[in-house]
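Coordinates in review
Below are the chains, spelled out letter by letter.
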Amino acid sequence: QLARIQTDSVVTMLRELYPTLHFEIAVAMSTTGDKILDTALSKIGEKSLFTKELENALERNEVDLVVHSLKDLPTSLPPGFTIGAVCKRENPLDAVVFHPKNCGKTLSLLPEKSVIGTSSLRRAAQLKKKFPHLEFKDIRGNLNTRLKKLDEKEDFSAIILAAAGLKRMGWENRIGQLLGPEDCMYAVGQGALAVEVRAKDQEILNMVSALHDADTVLCCIAERAFMKSLEGGCSVPVAVSTLLKDGQLYLTGAVYSLDGSDSLKETMQTGVSYPHQNEDGPNDDVQHVGITARNVPGQAQEAAENLGVKLASLLLSKGARHILSVARQLNDAR
């Protein structure tokens, strides 16, 4: 349902921009990540968990564009594909949805040993450290399934979800607590929608590039470059927080051990206000961590990517590789 809502919202924007074109939402598909619901995401080990089947359809020309949550897209896309648009970001924060009996509480007010559901190692690692009196257990399934599990059983006192998904579903009233970056930094790309297209399809690329939101593009390029340089993914706790203000892009990035006891966190910034130059010729379609953003100045995109790479290098120099490799080993052994 959420995937459909997200796709509809992108198609609505395209119809407004191109009223003479006919857009058809042709295919609804299940992906590997949708089908395997009894295993933690971090254990399935498939890099393109929610994207592979959709990319196959793109490759076979059965569809011309695919709408994803950007946080589901790996930092390296398969050859022949690119993210042709990153839409304006919805609230990237995580949200707590409480069991009806805990209505009006916050995480700090829940009783000792209350069980919190989350399928994310990143959320669990940060919240275990912040709220040591709570227990964290995996919960899988789409948003509808997870809310049903929460409401109809007594297994969970609360679950943690992305605020953006709840808002898009029209369930903002279920948000009991928004977790700011001081409690829980978010996932790379969280809250942003990406439109994936064939990299060589100039016509489609031109069409969807009108959907790019420049600020979101720059923040997400920095975040994805940070993740890529750390070789992070579903199986390790990596978190970010970005801010673009007065032409300066601030990126905070962190890595955590699985229980949150060991962590490294740093912030760096860079200037990103560059004029847009008409960069004719073969440089038109330079990809930055899988994103082709024709209407965002190339120098600004480069600066954002370099910021992510530098921040990752700083954390690696302080011992992030050890934290991540231990987290990976422990997760594989679970």
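Before any of the text, the structure's been laid out above.
These lines cover the structure that appears in this document, whether it is placed above or below.

What counts and what doesn't
- Residues numbered from 1 in each chain as written.
- Predicted model: local features only at pLDDT ≥ 70, side-chain atom pairs only at ≥ 80, totals over all residues.
- Heavy atoms only, no water.
- Pairing = 2+ DSSP bridges.
- Helix = DSSP H or I, 4+ residues; strand = E, 2+ residues; numbered from the N terminus.
- Axes fitted to C-alpha atoms, helices over the stretch in contact; angles between N-to-C directions.
- Contact = heavy atoms within 4.5 Å.
- Core = buried A, V, L, I, M, F, W, Y, C linked by side-chain atoms within 4.5 Å.
- Buried < 20%, exposed > 50% of the residue type's maximum accessible area, 1.4 Å probe, protein only.
- Expected span 1.5 Å × (residues − 1).
- Polar contact = N/O pair within 3.5 Å; in protein donor to acceptor, adjacent residues only side chain to side chain.
- Left-handed = near helix turned anticlockwise from the far one by under 90°.
- Nonpolar A, V, L, I, M, F, W, Y, C, P; charged D, E, K, R; others polar.

Pairing is mixed in the open sheet, where five strands are placed in the order S5-S4-S6-S3-S7. Each end of this open sheet is capped by a strand with a single partner; those strands are strand S5 (135–137) and strand S7 (177–179). Shown here is a sheet whose adjacent strand axes are inclined to one another by a mean of 30°, direction ignored. Direction of pairing for strand S4 (residues 115–117) relative to strand S6 (residues 158–162): parallel, over a ladder of two bridges. Pairing of glycine 117 across the sheet is with isoleucine 159, part of S6. Against the sheet, helix H5 (residues 121–130) contacts strand S3 (94–98), S5, S6 and S7, and its axis sits at roughly 125° relative to S6. Where helix H6 (residues 143–152) meets the sheet, its contacts fall on S3 and S6, and the angle it forms with S6 comes to roughly 165°.

What follows is about the nonpolar core. In terms of nonpolar packing, the biggest core is built from 45 residues, with Leu70, Ile83, Phe226, Leu230, Val238, Leu249 and Val255 touching the most fellow members. At the level of elements, strand S2 (81–86), helix H9 (214–230), strand S9 (238–245), strand S10 (248–256), helix H10 (298–317) and helix H11 (320–333) are the ones that each hand at least two residues to this core. Here the element with the most residues in this core is H9; it accounts for ten residues. Not counting residues up to four positions away in its chain, the partners in contact with phenylalanine 226 are Val238, Ala239, Val240, Leu251, Gly253, Ala254, Gly308, Leu311, Ala312 and Leu315.

Attention shifts here to the sheet that holds S9. Strand pairing in a sheet is mediated by backbone hydrogen bonds. Such pairs are either parallel or antiparallel. Here three strands make up an open sheet; going across it, the order is S9-S10-S11 and the pairing antiparallel. Strands at the two margins of the open sheet, each flanked by one partner only, are S9 and strand S11 (263–271). Put simply, the sheet's adjacent strands are angled 15° from each other on average, direction ignored. Relative to the sheet, H10 contacts S10 and S11, its axis offset from that of S11 by approximately 150°. Against the sheet, H11 contacts S9, S10 and S11, and its axis sits at roughly 50° relative to S10.

All right, on to H9 then. The first and last C-alpha atoms of H9 sit 25 Å apart over 17 residues, in line with the 24 Å expected at 1.5 Å per residue. Most of H9 sits out of view: 13 of its 17 residues are buried. Glutamate 231 lies just past H9 and shows a positive phi near 55°.

It is worth spelling out the side chain of threonine 118 at this point. Mapping threonine 118 onto the fold places it in the loop between S4 and H5. Residue class for threonine 118 comes out buried when judged on its relative accessible area of 4%. A polar contact of 3.0 Å, which involves the side chain of threonine 118, links it to the backbone nitrogen of serine 120. In contact with threonine 118, not counting residues within four places along its chain, are Arg123, Ala124, Phe136, Lys137, Asp138, Ile139 and Ile160.

Helices that pack against each other are described as a pair by the angle of their axes relative to one another and the distance between those axes. At a minimum axis separation of 7 Å, H9 and H10 run at an interaxial angle of 35°. In this structure, H9 meets H10 at a crossing whose hand is right-handed. For the pair H9 and H10, the contacting residues are Leu218, Ile221, Ala222, Ala225, Phe226, Ser229 and Leu230 in the first and Ala300, Gln301, Ala304, Glu305, Leu307, Gly308, Val309, Leu311, Ala312, Leu315 and Leu316 in the second. Considered class by class, the residues forming the contact of H9 with H10 number 14 nonpolar, three polar and one charged.

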